[in-house]
Structures are given as C-alpha cells and as structure tokens.
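For reference, the chains in residue letters:
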Amino acid sequence: MKVENAKFVKDYIKITYDAWLKGWHERNGGNLSYRIGEDEIKDVKDQLSENSEFVPIGVSVSNLANEYFLVTGSGKYMRNVILDPEANIGIAKIDDKGENYKIVWGLLNGAKPTSEFPSHLMSHSVKKEATGGKNKVIYHSHTTNLIALTFVLPLDSKVFTRELWEMATECPVVFPSGVGVVPWMVPGGAAIARETSKLMEEFDVVIWAHHGTFVAGETMDLAFGLMDTAEKSAEILVKVLSMGGKKQTITADNFRDLAKEFHVTLPEKFLYE
Ligand code: 2HA
Ligand code: ZN
C-alpha cells in the first residue's frame, strides 16, 4: 500500500490540517508524532527504504528500540502537510539500542524530523511504559490561550490544573490527572525533553511556559481532543479574567461529587480550598 493511503497517515494529515485551522500552528510552529503499530507498518513495508544512515537522537529511549514513528519535519508547516505529505512528514525508524534513528520514508530532500523529536521520543518512552503500550500519539502545539495564561498564573501545576478544571465541567473528566507545567526553557534539546517526560509520568497535558503545550493520547482523536479541551478551557479563563475575574465557580466539593458520578479519581492535592 502507498504510505499516503494508510489509515494512520490519513488520520495524521487530518489532525495537522484541523489544528492549522484552530490557529495553533503559525509558520512552522508545533509538531506531531505517532508510534506506528506492527500491523500498520507491515502494510507499507514495501514502500520503505532502509538504506539511509542512522543519526543520533540525542537522548536514549531503549524501550522504543526498532519502533517506527511518523513525525513532522523540522521547519515544515502544519498547513502544508495535506498538500505534500512526503515532503513535510516522514517515517523514522529507531535502532536496536534506542539511541539513533534513520528516515525510511518521506522528509524528501534531506529534511530532518522536528527539533522537538527528543521531547516526543522521551515522552513516548514514558507513556509506552505507563500505558502498557496503548499510548501512540505525542502532539505539540502553540495554543494561544494556554500560552497567554503562562504570563499571569503562577507556573504551578496545582494552580493551572484547578483553574482549567473550573472553567469547564468536562475538564476534570477529560484530564483527571491534571496538567504539568515546565518553566521557560530553551526548546529543541535533551534538557527540555527530560523535564517534559518527567511530567508525562503523571500528566497527559504538559504546558511549556511562554511557548506551547504537549499532550499524549492513545489515538489521534484523543490527543487532538485533549489539546482542544484544555485550550478551550484556557480561552474561557482568559475571558473570565478579562471581565474582572470569577464571581462564582465550581467548588472543591462539586468536583468530589462529579468524580463519584463519572467514576474518575481526582487527586486531593488539586481540591484545595
Ligand atoms: O517545530 O514548535 O518548539 C517548531 C516548534 C518548536
Ligand atoms: Zn513549539
């Protein structure tokens, strides 16, 4: 099967275009990676060229050895993926130590994976372990309202989680473990990858102060939906703060009632008075 016709590639393209329309991907902002399943890679195996050189990832991810990832190209625009997938995204294969990758499809003319590939792979590594292999997607975007909030709220997971939960009743059900916050760091390297992946052990949403958001999900729909839900909640909070702040809200006890009814566990550390 042609790679472009595989369902996981079509799903990937749909998300990149939907996300562009959301306004989260100015210029080359943001990137998406998908850990391709064994069945899925089998269907396109005859389209892959395995003779490219391995290059260092910059981090070590031994539990991802020999896995294949569909990933955005460095400097490539999310809005262009739909126009020419083979030029803007590619399939990277990890070596048998989890320390190097090579491009086996796409990223034409010597293009490289996103500069955030180390953050994606370290987060995949943590999530693969934590979900028994179920998590497949790591997605980074430049969500306008979540970024705006990092200029006014304390850069504290407890505050961000509670404020976002209060802005929409569905939030604690969609991200019951809360959100993590990474203080401002230089993007694109091993240090921010380590900080992000540490928080991914606890959270599915990690906000990079003054930069953007990382989410993890089992499917493209779940990852995109999670980004969309958190960002929608941030948009409401920006409006509420702009109107002079909360006059009433959802209380800690309201959340406890919600948790019971919806069968989710909400950590007490977020339900402070
Ligand atoms: O791919 O979003 O963080 C461009 C970025 C870097
Ligand atoms: Zn970014």
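Residues numbered from 1 in each chain as written. Chains lettered and ligands numbered in written order. Predicted model: local features only at pLDDT ≥ 70, side-chain atom pairs only at ≥ 80, totals over all residues. Heavy atoms only, no water.

*Asks:* Just to check I follow, could you spell out the coordination of the zinc ion (ligand 2) for this structure?
*Replies:* Geometry reference: four tetrahedral donors at a metal, ideal angle 109.5 degrees. Six octahedral donors, ideal angles 90 or 180 degrees. Ligation of the zinc ion (ligand 2) by protein atoms is provided by His 140 (NE2), His 142 (NE2) and His 211 (NE2), these donors lying 2.1 Å from the ion. Read N to C, the donor residues that coordinate the zinc ion (ligand 2) are spaced as H-x1-H-x68-H. Here His 140 matches His 142 in class, with each residue buried. (Donors = N, O, S within 2.8 Å, 3.2 Å for Na, K, Ca; no water. Buried < 20%, exposed > 50% of the residue type's maximum accessible area, 1.4 Å probe, protein only.)

*Asks:* Just to check I follow, could you spell out the pairing of strand 1 (residues 31–36) for this structure?
*Replies:* Two faces, one strand: in a regular strand the side chains alternate between the faces of the sheet. The buried fraction of strand 1 amounts to six of the six residues, a majority that puts the element mostly inside the structure. Residue alternation in strand 1 divides its side chains into two sets, Asn 31, Ser 33 and Arg 35 and Leu 32, Tyr 34 and Ile 36, and both sets are buried. Pairing geometry for strand 1 and strand 6 (residues 137–141), over four bridges, is antiparallel. Residue pairing across strands places Tyr 34 opposite Val 137, the latter belonging to strand 6. Relative to strand 3 (residues 68–72), strand 1 is paired through four bridges, and the arrangement is antiparallel. Within strand 3, the residue paired with Ile 36 across the bridge is Tyr 68. (Helix = DSSP H or I, 4+ residues; strand = E, 2+ residues; numbered from the N terminus. Pairing = 2+ DSSP bridges.)

*Asks:* Just checking my understanding: could you explain the UniProt feature "active site" (unreviewed entry) in the chain for this structure?
*Replies:* UniProt records the feature "active site" (unreviewed entry) for Glu 116 in the present numbering. Tracing the backbone shows Glu 116 in the loop between strand 5 (100–106) and helix 4 (117–130). Taking the relative accessible area as the measure of exposure, Glu 116 reaches 4% and is therefore buried. Discounting residues that sit within four places of it in the chain, Glu 116 has contacts with Asn 31, His 140, Pro 187, Gly 188, Ile 192, Trp 208, His 211 and Phe 214. (UniProt positions renumbered as here; feature names shortened; annotations may be inferred. Contact = heavy atoms within 4.5 Å.)

*Asks:* Please clarify how unusual backbone geometry should be interpreted in this entry.
*Replies:* Among all residues except glycine, the phi angle is most often negative; among peptide bonds, the trans geometry is most common. One non-glycine residue with positive phi stands out, namely Arg 27, at about 45 degrees. Relative to the helices and strands, Arg 27 is located in the loop between helix 1 (7–22) and strand 1. Take Arg 27: its relative accessible area is 57%, and that puts it in the exposed class. Phi at His 263 takes a positive value of approximately 55 degrees, unusual for a residue other than glycine. Judged by relative accessible area, His 263 falls into the exposed class, the value being 72%.

*Asks:* What exactly am I supposed to notice about the side chain of His 140 here?
*Replies:* Its place among the elements puts His 140 in strand 6. His 140 sits in the buried class, given a relative accessible area of 1%. A polar contact of 3.3 Å, which involves the side chain of His 140, links it to the side chain of His 142. Side-chain polar atoms of His 140 contact the side chain of His 211, separated by 3.2 Å. In contact with His 140, other than residues within four places in its own chain, are His 25, Gly 30, Asn 31, Glu 116, His 120, Trp 208, His 211, Gly 212, Thr 213, Phe 214 and Met 227. (Polar contact = N/O pair within 3.5 Å; in protein donor to acceptor, adjacent residues only side chain to side chain.)

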